[in-house]
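Coordinate inspection notes
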Amino acid sequence: MEAIGVEAKMADLLTYAIVSLFFSVSSAVFDLIPEHNFVTCVANQSPQYSATISKLVYSPHSPSFSFIFQSSIQNFRFNSTKYHKLQYIITPYSADHVKAAIICSKVHGLQVRIRSGGHDYEGLSYNSYVPFIIIDLVNLNNVRVDSNNGTAWVQAGATVGELYYHVANQSKGHGFPAGVCPSMGAGGHISGGGQGTLMRKFGLAADNVVDAIVVTADGNILDRQGMGEDFFWAIRGGGGGNFGVVVEWKINLVPVPPKVTVFNIPRTLEQNATKLMHRWQQIAHKFHDIHKNHYICRQGF
Ligand SMILES: Cc1cc2nc3c(=O)[nH]c(=O)nc-3n(C[C@H](O)[C@H](O)[C@H](O)COP(=O)(O)OP(=O)(O)OC[C@H]3O[C@@H](n4cnc5c(N)ncnc54)[C@H](O)[C@@H]3O)c2cc1C
C-alpha cells in the first residue's frame, strides 16, 4: 500500500512538473513579440543601418542573450531572466539606434529600461514586471577629451573608470569629480548626481555637465539648446530613467595636481575612532583649504 502511495505521489509530481513546464515554456513563447517584427521595425526606423540592425538586437533565443543580460549586473538578487518579462536587448551604436528602439518599443507596447553601467541598487535598469526591452548602452562608450578647453564628451555607456583613464591619458592637469567605483556607467551615475572624492571642492559630477545629447520618449534627439534649461536641469540629478535616454554628456574637467596623496589612518573603536571622527567634524570647516582639498572616506569593518 505504502509503495503504491509513493508511486501515486511521484506520478502527481511528474504531472505537475510537466504541466508547469508546458505553461512556462508556452507563455515565454506566446508572450514574445515575434523577433522578425521587432527587428524589422528597428531596421525600418534606421534605414541607413538596416543591414546591421540584427546584430544589435538580442532575443531570448539568441545564444548571447543571457551573457549580455548578465554582463553588468551588480545586484545578483536580480541576476536571472526567469522572473521577468524581458523581450529584447538592444545595444545601440548611435542616437539613431536609441531612437529606433524607443519608437519600436512603443509600437509593440513594451516598456523601456535603460542600462549604462548596471549599478542600479534595485536592478531598475534591467528588470520589470511588464513586458520590456533593455536599451543597453555598452557600445556607446566613447570618451573624447579636449584638454585645451578642459572639456570632454563622454558617452553614457562609458564607465567612470574609462572616463578617468582617458582624461589622465590626455592631460596630467585635469580630472573629473565623479564617484569612486570605476565600473559605474556615466549614464546612470551622472543622472543621479555622482558623489566622489573631489566633491568638496568641485561639487557633484552633475554640477560639471555643460551639455548633453538626449533621446526623448517621442524619439526626438536633443542637445542642451534643443531641450531647454528646465529639461537640462532635470537630467542633472533628477535620477536616471526619468526624462529620456542620455546618449552623451559634455563635461567640464577640473584642475588637479599631477600627484595626489592617499593614506589610511586605521583606528578601531577601542582606539577612539568615534572620538577622532567627532573631533574632525568640529574643526574641519575651520580649515578652508584643507576642508576643500581633502576627502575623508569612512569605512567600517
Ligand atoms: C558598487 C557601487 C559603488 C557605487 N559608488 C558610488 C559612488 O562612489 N558615488 C556615487 O555617487 N554613487 C555610487 N554608486 C551609486 C551609483 O552612482 C548609481 O547606482 C548609479 O545610478 C549607477 O549608474 P549605472 O549607469 O552604473 O547604473 P544603471 O543600472 O545602468 O542605471 C541606473 C539608473 O539610471 C538609469 N540610466 C542608466 N543609463 C541611463 C541613460 N543613459 N540615460 C538615462 N537613464 C539612464 C537606469 O535606467 C537606472 O534607473 C555606487 C553603486 C554601486 C553598486
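Residues numbered from 1 in each chain as written. Predicted model: local features only at pLDDT ≥ 70, side-chain atom pairs only at ≥ 80, totals over all residues. Heavy atoms only, no water.

The name recorded for the protein in an unreviewed UniProt entry is FAD-binding PCMH-type domain-containing protein, from Prunus yedoensis var. nudiflora. Quoted verbatim from the Cofactor (unreviewed entry) field of the UniProt record, the comment on the protein reads "FAD". In its Sequence similarities (unreviewed entry) section, the UniProt entry covering the protein states "Belongs to the oxygen-dependent FAD-linked oxidoreductase family." (UniProt positions renumbered as here; feature names shortened; annotations may be inferred.)

Quick look at the packing of aromatic side chains now. Inspection of the entire model under this criterion finds two aromatic pairs. Between phenylalanine 38 and tyrosine 88, the aromatic rings sit 4.6 Å apart at their centres with planes inclined by 5°, giving stacked as the arrangement. With phenylalanine 38 in helix 2 (residues 35-45) and tyrosine 88 in strand 2 (residues 86-90), the pair connects residues that are 50 residues apart, well separated along the chain. Looking at phenylalanine 38, the relative accessible area reads 0%, which means it is buried. Between the aromatic rings of phenylalanine 69 and tyrosine 126, the centroid separation amounts to 6.0 Å while the plane-to-plane angle is 80°, which identifies the pairing as edge-to-face. Highlighted residues: phenylalanine 69 in helix 3 (residues 65-70) and tyrosine 126 in the loop between strand 3 (111-115) and strand 4 (132-136), separated in sequence by 57 residues. Judged by its relative accessible area of 0%, phenylalanine 69 is buried. (Phe/Tyr/Trp six-rings, centres within 6.5 Å; stacked < 30°, edge-to-face > 60°. Helix = DSSP H or I, 4+ residues; strand = E, 2+ residues; numbered from the N terminus. Buried < 20%, exposed > 50% of the residue type's maximum accessible area, 1.4 Å probe, protein only.)

Surrounding the ligand, one finds 26 residues, the nearest of these being Ile114, Ser116, Ser125, His189 and Gln195. Here an oxygen atom of the ligand sits 2.6 Å away from a polar atom, N or O, in the side chain of serine 125. When the free accessible area of the ligand is taken as 960 Å², the share hidden by the protein chains comes to 83%. Put simply, the parts of the chain that give the shell around the ligand at least two residues each are strand 3, helix 6 (186-191) and strand 10 (245-252). (Near = heavy atom within 4 Å. Polar contact = N/O pair within 3.5 Å; in protein donor to acceptor, adjacent residues only side chain to side chain. Areas by Shrake-Rupley, 256 points an atom, 1.4 Å probe, with all protein chains shown as cover.)

This part covers the state of the cysteines. Here the structure, examined in full by the defined rule, presents one disulfide. The disulfide partner of cysteine 41 is cysteine 104, and the gap between their sulfur atoms is 2.1 Å. Between cysteine 41 and cysteine 104, the S-S dihedral sits near -95°, and the bridge is therefore left-handed. Here the residue cysteine 41 occupies a position in helix 2, and cysteine 104 occupies one in helix 4 (residues 95-107), the gap between them amounting to 63 residues. Each member of the pair, cysteine 41 together with cysteine 104, is buried. (Disulfide = S-S within 2.5 Å.)

By the criterion of burial, strand 6 (residues 151-155) is predominantly enclosed, with five of the five residues buried. Residues Thr151, Trp153 and Gln155 line one face of strand 6 and the alternating positions Ala152 and Val154 line the opposite face, and both faces are buried. Looking at chain direction, strand 5 (residues 143-146) and strand 6 are connected through four bridges and run antiparallel. In the sheet register, aspartate 146 faces strand 6, and the bridge partner there is threonine 151. With antiparallel pairing between neighbouring strands as the criterion, strand 5 and strand 6 make up a hairpin whose turn holds four residues, including glycine 150 at a positive phi of roughly 65°. In this structure, strand 6 lies alongside strand 10, joined through five bridges in antiparallel fashion. Bridging across to strand 10, glutamine 155 finds its partner in glutamate 248. (Pairing = 2+ DSSP bridges.)

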